[in-house]
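Reading the structure
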Protein chains: 2
Amino acid sequence: MKKLDSSFKIIKQKLHEAGFKLTPQRELTVEVLLEKEKDHLSAEEIYLLVKSKNTGIGLATVYRTLEILTELQIINKLTFQDGIARYDLNMNSEKHQHHHLLCLKCGNIEEVKQDMLFEIEKEIERDYQFVVRDHRLTFHGLCRNCSNRQETEEG
Amino acid sequence: MKKLDSSFKIIKQKLHEAGFKLTPQRELTVEVLLEKEKDHLSAEEIYLLVKSKNTGIGLATVYRTLEILTELQIINKLTFQDGIARYDLNMNSEKHQHHHLLCLKCGNIEEVKQDMLFEIEKEIERDYQFVVRDHRLTFHGLCRNCSNRQETEEG
DNA sequence: CCTTAGCTGATAATGACTATCACAAAATAC
DNA sequence: GTATTTTGTGATAGTCATTATCAGCTAAGG
Ligand SMILES: [Mn+2]
Ligand SMILES: [Mn+2]
Ligand SMILES: [Zn+2]
Ligand SMILES: [Zn+2]
């Protein structure tokens, strides 16, 4: 709870600094994002969770809030295979987007917090004269559960 | 032209083996994909190019053909920031998807054919017990042109 | 021929997202 | 204080990429 509170304060601070009001709707949206920090929720999913806390919020407002939070780099907008935008909290303000492991069988998404791309980026900048700002890396494969299950089925 | 022809033959072969007919619509779609090998075309863009070769093809047919080609791993379906599906030819049947450099200023997409992720994959498989099948890696930043332009503007 | 399965094109439907607009709340001016 | 502008909200209509539907076409086999 303590970590959540301090994250909450930091985010509110950032909104404030950027000249945005701290409306109840925005506070609730941030609250949901913090509570589901590990998930990768779509706008619709966030909307439903916020509505369960306070009926009467509009879907458009959730989209607008997510847009603001994305601009301020508080969250990152990601799209995996299904083409639906998902929002990933960027607490501890990581310099670069972390990576993901997408299971092709069950659809689960796991996080990889280590960056590991530093050397590769240097290579890219040198060989392609491309200035790297950020990256998106997703591995497709089988998660622990699904690869175990596959083995027992086959064995 | 020779390389194009042989690729064409291989793709037709794969379609045939999988039990699909080699209709004129499918041939033209493959032709466009081969001609624009370096590009990352959307379904709509492919549709227009095919239609310019032979009026009277339907958009739905292009979508259906792209779906088949994706299933057969002849092309890969990718989505960058705008959420629109783009199709990337997988000739020389690369084992893993190649990488991309997306310019945040002009939107240009450049290809990176070296894999470079082999070591990282081993690390992922070991640390996360995740079986890696493929990956999607895009670097976001400034392309050669845009970073040069930026420098002269500032200087 | 006749039949069947695969394929096509037009078009309707879906669903994620965006724009619009009248109204409310807050900040600022007077 | 009240007036006025700015910011934010919710409902809802619109957009646009993609998918589903369906009647008609085509090729293959008897
Ligand atoms: Mn994540
Ligand atoms: Mn490519
Ligand atoms: Zn799984
Ligand atoms: Zn550029």
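Residues numbered from 1 in each chain as written. Chains lettered and ligands numbered in written order. Predicted model: local features only at pLDDT ≥ 70, side-chain atom pairs only at ≥ 80, totals over all residues. Heavy atoms only, no water.

**Some thoughts on the relation of the copies chain A and chain B**
One copy of the chain maps onto the second through a rotation around an axis plus a translation along that axis. Mapping chain A onto chain B calls for a screw motion: a turn of 180° about the axis and a shift of 0.0 Å along it, with 0.1 Å RMSD after fitting. Both copies of the chain, as the preceding transformation shows, are related through a two-fold rotation axis. In terms of C-alpha distance to the rotation axis, chain A has Leu137 of chain A as its closest residue, with the C-alpha 2.2 Å off the axis. Mapped onto chain B, 100% of the interface residues of chain A are again interface residues, and the two copies thus contact each other with one and the same surface. (Least-squares fit on C-alpha atoms with pLDDT ≥ 70 in both. Contact = heavy atoms within 4.5 Å.)

**A few points about the interface of chain A and chain B**
Often, the extent of an interface is quoted as the loss of accessible area upon association of its parts. The interface is formed by 39 residues belonging to chain A together with 39 residues belonging to chain B. When the area that chain A buries against chain B is broken down by residue, the three leading residues are Tyr128, Phe130 and Phe139 of chain A, summing to 21%. Linking chain A with chain B are zero salt bridges. Applying the counting criterion to the chain A and chain B interface returns 10 residue pairs in polar contact (both at pLDDT 80 or more). If you tally residues by element for the side of chain A that touches chain B, the top one is strand β6 (residues 131–142) of chain A, at 12 residues. Per-class residue counts for the side of chain A that touches chain B are 18 nonpolar, 10 polar and 11 charged. Across 11 bridges, β6 of chain A lies against strand β6 (residues 131–142) of chain B in antiparallel orientation. Residue pairing for β6 of chain B: Phe139 of chain A is matched across the bridge by His135 of chain B. (Buried area = accessible area lost by both parts, 1.4 Å probe. Salt bridge = Lys/Arg side-chain N within 4 Å of Asp/Glu carboxyl O. Polar contact = N/O pair within 3.5 Å; in protein donor to acceptor, adjacent residues only side chain to side chain. Helix = DSSP H or I, 4+ residues; strand = E, 2+ residues; numbered from the N terminus. Nonpolar A, V, L, I, M, F, W, Y, C, P; charged D, E, K, R; others polar. Pairing = 2+ DSSP bridges.)

**As for the sheet that holds strand β1 (residues 41–42) of chain A**
Residue and element names in this part refer to chain A. If you walk across this open sheet you meet the three strands as β1-β3-β2, and the pairing is antiparallel. One side of each edge strand has no neighbouring strand; the edge strands of this open sheet are β1 and β2 (75–79). Judged from the five bridges that link them, β2 and strand β3 (residues 85–89) form a sheet pairing that is antiparallel. Its bridge partner being in β3, Thr79 is matched across the sheet by Ala85.

**Some words on empty space enclosed by the protein**
Throughout the structure, instances matching the rule amount to two cavities of 30 Å³ or more. Reported here for the largest cavity is a volume of approximately 340 Å³. Every element with two or more residues in the lining of the largest cavity is listed here: β2, β4 (99–103) and β6 of chain A together with β2 (75–79), β4 (99–103) and β6 of chain B. By residue class, the composition of the lining of the largest cavity is eight nonpolar, 14 polar and two charged. Volume-wise, the second largest cavity comes out at about 40 Å³. Taken together, Leu33, Lys36, Glu37, Asp39, Leu41, Tyr87, Asp88 and Leu89 of chain B make up the lining of the second largest cavity. Among the elements that take part in the lining of the second largest cavity, strand β3 (residues 85–89) of chain B stands out by supplying three residues, more than any other. Broken down by class, the residue content of the lining of the second largest cavity amounts to four nonpolar, no polar and four charged. (1 Å grid on protein atoms, 1.4 Å probe; cavity = no way out; pocket = protein on both sides within 12 Å on 5 of 7 lines; lining within 4 Å. Points joined across faces, edges and corners; volume = space filled by probe spheres on them.)

Read these as geometric descriptors, not functional statements.
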